[in-house]
Structures are given as C-alpha cells and as structure tokens.
Amino acid sequence: MDVILPNKFFGTDGIRGRVGDDPITPEFFMRLGYSAGKVLISDGMYLTKDKRPAVLIGKDTRISGYMLESALEAGLSAAGVDVLLTGPMPTPGVAYLTRALRLQAGIVISASHNSFEDNGIKFFSSLGCKLSDKAEKSIEAGLSAPLISMSSSHLGKAKRVNDAPGRYIEFCKSTFPYHLDLHGMRIVVDCAHGATYDIAGYVLHELGADVVLIGAQPDGLNINQECGAMHSETIQQAVKKHKADIGIALDGDGDRLIMVDNKGRLYDGDQLVCIIAKHRQNKDSLNGGVVGTLMTNLAIENHFKKLGIPFVRAKVGDRYVLELLQKKGWELGGEGSGHIVCLDKHSTGDGIISALQVLHAMKDANRTLAELLRGVTLYPQQLINIKITERLDFLAIKSVKAAQIKAENDLGSQGRVLLRESGTELLVRVMVEGESKQKVKHWAKYIANILRKEINL
C-alpha cells in the first residue's frame, strides 16, 4: 500500500500564516505561482486564443493582498500562464467565475476568518472545486525548482475582469426561486469588512429585502475585527437595534455563515443545515442524505435519525465534506462553523447562497428560524484549543488516551469526546459534548490539563 506523506505547506484549507513569516512572503508566492503555472501547463489544457492556460485570481480585503497578488501574478506570468484579476471577491465567487469563464484554475488570496495580520491562498480546479491532494503535491514538488522565466514571446498576460461582482451577484440571485421574493423582510447583513462588502447587500436588496448593511467599510486592517461570523455579538446587537426580522453574518472571504433571528438568538451551521435538510425533505428534493463532520452536534444527528434522513460524518474541513458528498452522490452538507455546501446550487461552500436556502425555507413555510427548529435542542459543547509548537501524535500518549476513555465511559451514548489537530493552525482541539453541561465542562478541562502537562505547557 502506498504511503501518502502529509503536505509541507498545504493544510485542509490551502496555505495560511502570518504575513512576513515563511511561507506568507512575496518570494514564496512568486515561486508558488511559478510552480502552479508549470503544473497547469503540463496538464496540456490551453484555454486562451494564445494557447496558454488561464487562471483567475481573487482576494479578500486585507492590505497584504496587494503585495501577494503581485508576486503570485509575476510567478504565473513567468511560467507562461495568463492571469485574470477580479480584485476583492468572495472565495465562492472565484470558484463560480473560474467555472463560468472556462478557466483552468482559480486562486483566492485570503486567510478567511483570521485577522488582517494573516493571509493565505486557496486553489480551485477548472470545475470550481478545491484542488485534489495530488495536484497540491505536484505544486509543492515544484517549489524547489529554479525559477526560469519563459521567453518574452511566451510570457503570460494579465487583465482585469471588470464585471466580476455583477456576474457573481446574478449567479447568487439565480439560486433563489423565481416565484418567491424577500419583500417585507428587514435583514441585517454583516460582511466582516471582507470580500462580500460590495456584493451581499445587492443580492438581498435586488430580491426585495430591506437591507441594513454593517461591516462593509473595509480599510485593509479591519477585516473580521469584532464583526462577521466570528463575532456573533455584533450581528445580534444590530438585529435588535434595527428591529430586523433576520441577521446574516459572513466571514472575511464569504464562505462561512451564521444567522440570528428577530429575538437575537444565534443559529450556527449545524442548525442551518438542519433547516435546509428538513425543508428539502418536505419538498421531496433532498437527494440522499446529509454530510456533517466530526464536530457536528450530536443532537442534530439524533434529530436526523428521527426524521429518517441519512447522516454521515466527514473529517473537519469543508473540503472533506465536499469529497464525501461527491463520493455518496448527495448534495447537502456542512459544519457548525458555518461552512455549508449545497452542491445543487454551487460547487463549493457559499455563505450568501446558503443564507438564501434558509430564507427560502422560511418563506415557503412562513415560519421563523425558531419555529423551523422546534424540537431540536443542541447538546452543550466545550471546545478548548491548546497551542503546540510542532505536530505530534498526542493520541499515542497513554495518559491522554486513558482520560478520553474515562470521559467517554461517563458520558455514555449521549456524549462524545473528540481530540484532533487543527488543519490550519498549530493547535490541538479538545471537544467534549453531552446532555450534561456540568459533565461536559469537567471532562474537557480534565483532558486539556493532562494534555498540557504531557507536552509541558
């Protein structure tokens, strides 16, 4: 059996880190662009009239995007690849435009929900899906090769896609039923000062909603700062202040969603997926079942069992949700963090489109979020993040494994313990959930303390 070694740079969601620290530097991004370009050329797919592969580059609003975009463009051009630039564009918008424009790949410069000091990069295939592990490994393998520019006559060209926002706005609107509109709904939208700042409001307004836009004044430094999907208190307060019917909060690159009802109550990705699934089951349009992750609340899984909706868990990360959906031939999946995938609407997770699916369910049933989730009470979850200095096999530590078993025995069938490494940061995540909030807190703290002691923290 082949042994698959882990990527050196690519994590579960591309490459991410602190700007200025390796690998988030101009030199690395130029080499990355060059290596990616060489991989694309070797595929033999020449899609422009000049017989060169073409790549779309989008970014979020953080200030370092200008620097990294230029470096990436230079590397791709040196490899003989044409570049189309969108400027600020949500991650799912880049995925859509890559497919719609028949390009060979799409690239997003973003650190998603992280603060402005960080940045990163994600790649999409010609089909608007995350790159395969094989493609990522091919790109990594070429990073050490000498950067030898093509001759001047074979260099790639670059140009702006001036109508990119309008194209994506129309695509998002097309996923909402033509026989429905949002007239009579006041919606607060928090764009996290990110890539959706000039898009999300237009989508909802043109569908008839009375839109109150917040977090839509990016200055390069304020992305995700006390706003957006990572800071729910902001949208909760805004919904109450503006007496809105609903609140929608996105993250910096627009692929993550949380929602708030008119009472200021928060609904995470698990709950929103449940609403969409139940609506589709009622409409006889749920193709197969639902894919969650190892972090999906146990109450959601138990509710799906009662409804007869098949449910399976993937590894944490929207790419793994997507892979399992494709493997099973299903269409709906997501995770509590707010990544929701509706494959009948888009090839990747999309915060705006996911919000429209929830609004569709509300409009169809003439019910509030609370009414649509009646009978579903999430189990308490306790998540403790422990910083580490290097990757380690923590499950091989006998005392940690013993603590996990002890907790699982006490929680029984109505509880779970999950220990895993973050795919994007040097963290070990300890998650405990169960019916008893007191037990959940106790065991999470107990396991975390043992882990800290074992790794000398």
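The shown structure was predicted, so the numbers you read here are calculated from the model rather than taken from an experiment.

A.B. asks: Teacher, can you tell me more about the pattern of salt bridges here?
C.D. replies: Where charged atoms from two side chains of opposite charge approach closely, those side chains can pair. For the coordinates displayed, the defined rule picks out 22 salt bridges. Between D318 and K130 there is a salt bridge, and its shortest N-O distance comes to 3.2 Å. Pair noted here: D318 is in helix 10 (residues 318–328) and K130 is in the loop between strand 5 (118–124) and helix 4 (133–141), with a separation of 188 residues, a long-range link. You can call D318 buried: its relative accessible area is 8%. Among the salt bridges present, the one from K173 reaches E170, with a minimum N-O distance of 3.0 Å. Here E170 and K173 lie together in helix 5 (residues 164–174), a separation of three residues that amounts to about one turn. Accessibility expressed as a relative area gives 17% for K173, which makes it buried. Connected through salt bridges with shared partners, the residues D133, E136, R319 and E323 form a single ionic network.

A.B. asks: Quick question: what am I supposed to make of the sheet that holds strand 14 (residues 332–334) here?
C.D. replies: Judged by pairing direction, the sheet is mixed, and its four strands sit side by side in the order 13-12-14-15 without closing on themselves. Looking at strand neighbours, the two that pair on one side only are strand 13 (311–314) and strand 15 (340–342), the edges of this open sheet. The mean inter-strand angle of the sheet, taken between neighbouring strand axes irrespective of direction, is 20 degrees. Inspection of the sheet shows strand 12 (residues 290–293) paired to strand 14 by two bridges, in the parallel sense. Paired with V290 across the bridge in strand 14 is L332. Contacting strand 12, strand 14 and strand 15, helix 8 (residues 269–282) crosses the sheet at an angle of about 25 degrees to strand 15.

A.B. asks: How should the environment of M230 be read in this particular structure?
C.D. replies: Inspection of the secondary structure puts M230 in the loop between strand 8 (210–214) and helix 7 (232–241). When the C-alpha positions of M230 and K240 are compared, they lie 18 Å apart, and in sequence the two are 10 residues distant. Not counting the four nearest positions on each side in its chain, M230 is found in contact with H113 and R256.

A.B. asks: Just to check I follow, could you spell out the sheet that holds strand 16 (residues 381–387) for this structure?
C.D. replies: Strand pairing within a sheet occurs via backbone hydrogen bonds; the two strands may be parallel or antiparallel. Spatial strand order, 16-18-17: three strands in an open sheet with antiparallel pairing. A strand with exactly one partner marks an edge of an open sheet, and here the two such strands are strand 16 and strand 17 (415–421). Taken pair by pair, the neighbouring strands of this sheet meet at an average axis angle of 10 degrees, ignoring direction. The pairing of strand 17 with strand 18 (residues 427–434) spans seven bridges and is antiparallel. Bridged to L418 within strand 18 is M431. Sheet contacts for helix 13 (residues 398–411): strand 17 and strand 18; angle to strand 17, the most-contacted strand, approximately 155 degrees.

A.B. asks: What exactly am I supposed to notice about unusual backbone geometry here?
C.D. replies: Outside of glycine, negative phi angles account for most residues, and trans bonds account for most peptide bonds. The linkage connecting D22 with the following residue, P23, adopts the cis geometry, with an omega of 10 degrees. Among the structural elements, P23 can be located in the loop between strand 1 (15–18) and helix 1 (26–42). With a phi angle near 60 degrees, A192 is a residue other than glycine that sits in the positive phi range. By the element assignment, A192 lies in the loop between strand 7 (186–190) and helix 6 (200–206). The class for A192 is buried, based on a relative accessible area of 0%. Of note in this structure, K243 is not a glycine but carries a positive phi near 50 degrees. For K243, the position within the fold is in the loop between helix 7 and strand 9 (246–250). Judged by its relative accessible area of 71%, K243 is exposed.

A.B. asks: Quick question: what am I supposed to make of the packing of aromatic side chains here?
C.D. replies: Each aromatic ring pair is described using two quantities: the centre-to-centre distance and the angle formed by the ring planes. Taken as a whole and assessed by the stated rule, the structure comprises six aromatic pairs. With centroids separated by 4.8 Å and ring planes inclined at 55 degrees, the aromatic side chains of F9 and F28 adopt a geometry described as tilted. Here the residue F9 occupies a position in the segment before strand 1, and F28 occupies one in helix 1, the gap between them amounting to 19 residues. Residues F10 and F123 carry aromatic rings whose centres are separated by 6.0 Å and whose planes lie at 55 degrees to one another, so their mutual orientation is tilted. A residue pair is termed long-range when its members are at least 10 positions apart, and F10 in the segment before strand 1 and F123 in strand 5 qualify at 113 residues. Accessibility assignment for this pair places F10 and F123 in one class, buried. Aromatic ring contacts, followed pair by pair, group F9, F28 and F29 into a single cluster.

A.B. asks: Looking at this structure, I do not really get the packing of helix 8 against helix 11 (residues 351–365). What am I missing?
C.D. replies: The description of two helices packed together rests on the angle between their axes and the distance between the axes. Where helix 8 contacts helix 11, the two axes come as close as 9 Å, and the packing angle between them is 50 degrees. Between helix 8 and helix 11, the crossing angle belongs to the class labelled oblique. The chirality of how helix 8 crosses helix 11 is left-handed. Every residue of helix 11 that contacts helix 8 at L272, I275, I276, H279 and R280 is listed here: S354, Q357, V358, H360, A361 and D364. The class makeup of the residues in the contact of helix 8 with helix 11 is five nonpolar, four polar and two charged.

Reading the values: the criteria
Residues numbered from 1 in each chain as written. Predicted model: local features only at pLDDT ≥ 70, side-chain atom pairs only at ≥ 80, totals over all residues. Heavy atoms only, no water. Salt bridge = Lys/Arg side-chain N within 4 Å of Asp/Glu carboxyl O. Helix = DSSP H or I, 4+ residues; strand = E, 2+ residues; numbered from the N terminus. Buried < 20%, exposed > 50% of the residue type's maximum accessible area, 1.4 Å probe, protein only. Pairing = 2+ DSSP bridges. Axes fitted to C-alpha atoms, helices over the stretch in contact; angles between N-to-C directions. Contact = heavy atoms within 4.5 Å. Phe/Tyr/Trp six-rings, centres within 6.5 Å; stacked < 30°, edge-to-face > 60°. Parallel < 35°, antiparallel > 145°, perpendicular 65-115°, else oblique. Left-handed = near helix turned anticlockwise from the far one by under 90°. Nonpolar A, V, L, I, M, F, W, Y, C, P; charged D, E, K, R; others polar.

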